[in-house]
Amino acid sequence: MKKLLLLVGGSAGLGEALYSHYKNLDYDIVEFSRSGQQPEHVFLDMSRKETAIDTIDLQFAQLAKQPWQEIVLIINAAQIGPIGELAMSEPKQWWQNIEVNLTLPISIMGRFQTHFQAVEAPKNIAFVSSGAATSVIEGWSLYSATKAGVEHFIRVVAQEQSSKSNPITPVILNPGIMDTQMQATIRSSSEAQFSNVDWFKQAHETGQLASPATVAGNIAAVLSGKLEAGQVYDVSG
Ligand SMILES: NC(=O)c1ccc[n+]([C@@H]2O[C@H](COP(=O)([O-])OP(=O)(O)OC[C@H]3O[C@@H](n4cnc5c(N)ncnc54)[C@H](OP(=O)(O)O)[C@@H]3O)[C@@H](O)[C@H]2O)c1
């Protein structure tokens, strides 16, 4: 039997590094995003919740019928913007952030329970969060609130799963700061949008951003060990 990785947001940055890492570990991988180029890519636009959940249902239902040695769901996809006080952007932009960062991660985890709960193989869910879930960062209200929301959802699911006979183990990962497109987007903010933008420019110039490959390796190491449901794991580089 093989091990299965369901990777949400595996087309770029940390997700692309996770794809490569787990490929080398010989996992069967299904990668969900808008622009993935891997053979196992499935198109998923998390800002379109109705069609996105149909895609997830179709894939999960088929995969749950197959025998697996282990099943891992990593929810890595997210968007940082719109950055700035809400008066600087429009409701449609706010709602896109909330759908991608909160509604779909929760919905995907919900459907994972529906389709895989009865499967006897060990089942882990890892949510890639951010220090922003617990820090107050001016200009990042939506990103921070959505990350915090999913973190608390996971703590409740962890408690619910503790009484199940085939429990799912959900955990939270804090990846630190990494050299990806998301950081480039942060650096391109104006001072008016994001008062702390210079700190991020400095961090980039002084080589403080970790490589996504290093963080992917840390994630795989943490997930292969004994996990405590609902806990936050530091996987920074
Ligand atoms: N970079 C950092 O310093 C940092 C720090 C703390 C936490 N994080 C967290 O780490 C994770 C990875 O971040 P990253 O820096 O690697 O970001 P990234 O380079 O911007 O990559 C984001 C990933 O999310 C996917 N995604 C975005 N919008 C999507 C949508 N509407 N539908 C489906 N997939 C979507 C992208 O795929 P497509 O564009 O192909 O759809 C891509 O695979 C995120 O959860 C982020 O919040 C990052």
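Residues numbered from 1 in each chain as written. Predicted model: local features only at pLDDT ≥ 70, side-chain atom pairs only at ≥ 80, totals over all residues. Heavy atoms only, no water.

Per an unreviewed UniProt entry, the recorded name for the protein is SDR family NAD(P)-dependent oxidoreductase, and the organism is Reinekea marina. The record in UniProt for the protein states the following under Subcellular location (unreviewed entry): "Cytoplasm". (UniProt positions renumbered as here; feature names shortened; annotations may be inferred.)

Colleague: Looking at this structure, how should I read unusual backbone geometry?
Modeller: The phi angle of most residues is negative, glycine excepted, and most peptide bonds adopt the trans form. Residue P82 follows G81 across a cis peptide bond; omega there is 5°. Among the secondary structure elements, P82 is positioned in the loop between β4 (68-75) and α3 (91-116). Unlike most non-glycine residues, D26 shows phi in positive territory, near 70°. Take D26: its relative accessible area is 53%, and that puts it in the exposed class. (Helix = DSSP H or I, 4+ residues; strand = E, 2+ residues; numbered from the N terminus. Buried < 20%, exposed > 50% of the residue type's maximum accessible area, 1.4 Å probe, protein only.)

Colleague: How should the site of the ligand be read in this particular structure?
Modeller: In the neighbourhood of the ligand, 30 residues make up the surrounding shell, with R34, S35, N76, Y143 and T180 lying closest. A distance of 2.6 Å is found between an oxygen atom of the ligand and a side-chain nitrogen or oxygen belonging to Y143. Take K147: an N or O atom from its side chain is 2.9 Å from an oxygen atom of the ligand. Against a free-state accessible area of 880 Å², the protein chains account for coverage of 92% of the ligand. Judged by the proximity of its atoms to the pocket grid, the ligand belongs to the largest pocket. Secondary structure elements with two or more residues in the shell around the ligand: α1 (13-24), α4 (141-161) and α5 (181-187). (Near = heavy atom within 4 Å. Polar contact = N/O pair within 3.5 Å; in protein donor to acceptor, adjacent residues only side chain to side chain. Areas by Shrake-Rupley, 256 points an atom, 1.4 Å probe, with all protein chains shown as cover. 1 Å grid on protein atoms, 1.4 Å probe; cavity = no way out; pocket = protein on both sides within 12 Å on 5 of 7 lines; lining within 4 Å. Sits in = over half its atoms within 2 Å of the grid points.)

Colleague: What is the right way to look at the packing of aromatic side chains in this model?
Modeller: What describes a pair of aromatic rings is the distance from one ring centre to the other and the angle between the planes of the rings. For the coordinates displayed, the defined rule picks out 10 aromatic pairs. Aromatic pair F32 and F60: ring centres 6.3 Å apart, planes at 80°, arrangement edge-to-face. Of this pair, F32 sits in strand β2 (residues 28-33) while F60 sits in helix α2 (residues 49-64), placing them 28 residues apart in sequence. You'll find F32 and F60 in the same group, each marked buried. Feature note: the residues W140, Y143, F194, W199 and F200 constitute an aromatic cluster, connected by ring pairs. (Phe/Tyr/Trp six-rings, centres within 6.5 Å; stacked < 30°, edge-to-face > 60°.)

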